[in-house]
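Here are the chains, one letter per residue:
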Amino acid sequence: MSLLNKINTDNLPKHLAIIMDGNGRWAKQKGMLRAFGHENGTKSVRTTVEACARLGIENLTLYAFSTENWNRPKLEVELLMKLLISSLKKELETLVKNNIKLNAIGNLDNLPKVVQKELLEVIEKTKMNTRMTLTLALSYGSREEILNAVKKISDKVKNNIISIDSIDETVLNNHLYTHDLTDVDLVVRTSGEHRISNFLLWQIAYAEFYFTDVLWPDFTEEHLYEAIISYQKRERRFGKTSEQIK
Ligand code: FPP
């Protein structure tokens, strides 16, 4: 039986978040520059987005550029920004054709103006799409996101818009970049690293984790299916006992 046939489409993760890692090592293994890895990484992005949409996953969030990634060599940062612009231009048609809505989270003001312009254009042109929401985490840091939420809420308290007693998880959630999205059900990280790297810390409270040694440019539909099959074998108890779930 093919891997795809083993997937139960009634039990898909509603929100899949991926830490795409290993582009640099992939290129190095081939004696190439890191840029080559990132370029090939965009192919895996396309394959993954299309496969998720076909499966019926509602939310796919990709960690494309972290706040910490600004510390990489200037040339690499510039290349990643260029790749982003060219991918957005190239993929707009595919997103429209597949009824996919583009969303972006992070400190978007820090992105170069040309990236912001391209991003906003694709977001605008896909905003009515309903099949899947593709969220790109760009200049994203989860601690910064939570800090910003705390500041916005504090400001509302100071201005008597809300009271301290009314602050609960929903209020905090509503002030995050991800306020429109559901909690993450499954986190996938490629390249054999087992860490979260400041990604969606609040939203992964009850997520399942899947780590694979595959480097991101080698990540295929089949690898995605393996991750989902692994997820479907887990019992998600949300703090309850196994008996309570059954
Ligand atoms: C991690 O590999 C990857 C990134 C920091 C960037 C991911 C970007 C892309 C896949 C291309 C553009 C994105 C979109 C959404 C079109 P790494 O460089 O950290 O690899 P290493 O750990 O092996 O050095």
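Residues numbered from 1 in each chain as written. Predicted model: local features only at pLDDT ≥ 70, side-chain atom pairs only at ≥ 80, totals over all residues. Heavy atoms only, no water.

S.K.: I'm lost on the overall build of the protein chain in this one. Help?
M.R.: In terms of regular secondary structure, the protein chain is built from 8 helices and 6 strands. The order of helices and strands in the protein chain, counted from the N terminus, is β-α-α-β-α-β-α-β-α-α-β-β-α-α. Relative to the 2.2 N^0.38 estimate, which gives 18 Å for 246 residues, the radius of gyration of the protein chain is 19 Å and therefore close to what a compact globule would have. Principal-axis analysis of the C-alpha atoms gives the protein chain an extent of 60 × 50 × 35 Å. Taken over 246 residues, the protein chain has a buried fraction of 48%. Long-range contacts, defined here as pairs at least 24 residues apart, represent 76% of the contacts in the protein chain between residues at least 6 apart. On the protein chain, roughly 13,400 Å² of surface is accessible, and the fraction owed to carbon and sulfur atoms is 52%. (Helix = DSSP H or I, 4+ residues; strand = E, 2+ residues; numbered from the N terminus. Rg over C-alpha atoms; globule rule 2.2 N^0.38 Å. Buried < 20%, exposed > 50% of the residue type's maximum accessible area, 1.4 Å probe, protein only. Contact = heavy atoms within 4.5 Å. Areas by Shrake-Rupley, 256 points an atom, 1.4 Å probe, with all protein chains shown as cover.)

S.K.: Just to check I follow, could you spell out the packing of aromatic side chains for this structure?
M.R.: Given two aromatic rings, their pairing is described by the distance between the two centres and the angle made by the two planes. A full pass over the atoms with the stated rule returns 9 aromatic pairs. With a centroid separation of 6.2 Å and an interplanar angle of 10°, the aromatic rings of Phe209 and Phe211 are classed as stacked. Judged by its relative accessible area of 27%, Phe209 falls in the partly exposed class. Residue classification places Phe211 among the partly exposed residues on the basis of a relative accessible area of 31%. An aromatic cluster is present here, built from Tyr63, Tyr140, Tyr177 and Phe199 joined pairwise through their rings. (Phe/Tyr/Trp six-rings, centres within 6.5 Å; stacked < 30°, edge-to-face > 60°.)

S.K.: Help me out: how do you make sense of the packing of helix α3 (residues 74-97) against helix α4 (residues 113-126) in this one?
M.R.: The description of two packed helices rests on the angle between their axes and on the distance between the axes. Relative to each other, α3 and α4 sit at 15°, their axes nearing to 10 Å. On the basis of the axis angle, α3 is roughly parallel to α4. Along this stretch, α3 crosses α4, giving a crossing that reads as left-handed. Residues Met81, Leu84, Ile85, Leu88, Lys89, Leu92, Leu95 and Val96 of α3 form the contact with α4, whose participating residues are Val114, Val115, Glu118, Leu119, Val122, Lys125 and Thr126. Across the contact of α3 with α4, the residue classes break down as 11 nonpolar, 1 polar and 3 charged. (Axes fitted to C-alpha atoms, helices over the stretch in contact; angles between N-to-C directions. Parallel < 35°, antiparallel > 145°, perpendicular 65-115°, else oblique. Left-handed = near helix turned anticlockwise from the far one by under 90°. Nonpolar A, V, L, I, M, F, W, Y, C, P; charged D, E, K, R; others polar.)

S.K.: Please clarify how the sheet that holds strand β5 (residues 186-189) should be interpreted in this entry.
M.R.: Strands in a sheet are paired, the pairing made by backbone hydrogen bonds, and the direction either parallel or antiparallel. In spatial order, the strands read β3-β4-β2-β1-β5-β6; together these 6 strands make up an open sheet with parallel pairing. Each edge of the sheet is formed by a strand with only one pairing partner; in this case those strands are β3 (100-105) and β6 (208-211). For this sheet the average axis-to-axis angle between neighbouring strands, irrespective of direction, equals 20°. The sheet strands contacting helix α2 (residues 34-55) are β1 (15-19), β2 (59-66), β3 and β4 (132-140), and the helix crosses β2 at an angle near 160°. Running at roughly 140° to β6, helix α7 (residues 221-232) makes contact with β1, β5 and β6 of the sheet. (Pairing = 2+ DSSP bridges.)

S.K.: Looking at this structure, how should I read the UniProt feature "binding site: Mg(2+)" (unreviewed entry) in the protein chain?
M.R.: UniProt's feature table lists "binding site: Mg(2+)" (unreviewed entry) at Asp21 and Glu208, given in the numbering used throughout. Filtering out sequence-adjacent residues up to four positions away, Asp21 remains in contact with Arg189, Thr190, Ser191, Glu193, Leu215 and Trp216. Side chain to side chain, Asp21 and Arg25 meet in a polar contact 3.4 Å long. Mapping Glu208 onto the fold places it in strand β6. Given a relative accessible area of 15%, Glu208 falls into the buried group. Leave out the neighbours within four places in its chain, and Glu208 touches Asp185, Leu186, Val187, Tyr231, Arg234 and Arg236. (UniProt positions renumbered as here; feature names shortened; annotations may be inferred. Polar contact = N/O pair within 3.5 Å; in protein donor to acceptor, adjacent residues only side chain to side chain.)

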